[in-house]
Amino acid sequence: QVQLVESGGGLVQAGGSLRLSCAASGRTFSGSTMGWFRQAPGKEREFVATISWSGGSTNYGDSVKGRFTISRDNAKNTMYLQMNSLKPEETANYYCAARRLGPITSRNDAYDYWGQGTQVTVSS
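Residues numbered from 1 in each chain as written. Predicted model: local features only at pLDDT ≥ 70, side-chain atom pairs only at ≥ 80, totals over all residues. Heavy atoms only, no water.

J.: Would you take a moment to explain the overall build of the protein chain for this structure?
T.: A tally of regular secondary structure across the protein chain gives zero helices and eleven strands. Counting from the amino terminus, the protein chain carries its helices and strands in the arrangement β-β-β-β-β-β-β-β-β-β-β. Against the compact-globule benchmark of 14 Å for 124 residues, the protein chain has a radius of gyration of 13 Å, which places it among compact chains. Expressed as lengths along the three principal axes of its C-alpha atoms, the size of the protein chain is roughly 40 × 25 × 25 Å. For the protein chain, the proportion of its 124 residues judged to be buried stands at 44%. Relative to all contacts within the protein chain whose residues are 6 or more apart in sequence, the contacts with residues 24 or more apart total 57%. Summed over all atoms, the accessible surface of the protein chain reaches about 6,300 Å², with 45% contributed by carbon and sulfur. (Helix = DSSP H or I, 4+ residues; strand = E, 2+ residues; numbered from the N terminus. Rg over C-alpha atoms; globule rule 2.2 N^0.38 Å. Buried < 20%, exposed > 50% of the residue type's maximum accessible area, 1.4 Å probe, protein only. Contact = heavy atoms within 4.5 Å. Areas by Shrake-Rupley, 256 points an atom, 1.4 Å probe, with all protein chains shown as cover.)

Encoded structure:
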């Protein structure tokens, strides 16, 4: 079992930056593929980024490549998402997720555990 708690969301102007954190509890964090997703009102949940258990493999959604960076610190049971050059259309609730088993993937149905989300609002 893995429990996930996101933090770091807030209000930022377009072009600004935020760093999200996902604190995990449970014995399997260090062995789990992790991911970030986001969901805006009235829209489907969208893949943002994923990272392997070692941090050696990552993948990003096309819309965030070159601006967002996913990372993790297994010693602290924490995953991060550094978001730069934010755009108003990226306003959403951002969720972290963990897989029990399996490699990195953008499929949200492949993740077994989800946090409650942290709201990111980007003003124009």
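After that view of the structure, there is still more to cover.
J.: How should I be thinking about the state of the cysteines in this particular structure?
T.: Where two cysteines share a covalent bond between their sulfur atoms, that bond is called a disulfide. Summed over all chains, the structure comprises one disulfide. The residue that forms a disulfide with Cys-22 is Cys-96, at a sulfur-sulfur distance of 2.1 Å. Between Cys-22 and Cys-96, the disulfide has an S-S torsion of 55° and is therefore right-handed. Taken together, the residues Cys-22 in strand β3 (residues 18-25) and Cys-96 in strand β9 (residues 92-98) connect sequence positions 74 residues apart. Of the two residues, Cys-22 and Cys-96, neither departs from the other in class, the shared state being buried. (Disulfide = S-S within 2.5 Å.)

Interpretation in functional terms is not warranted from these geometric data alone.
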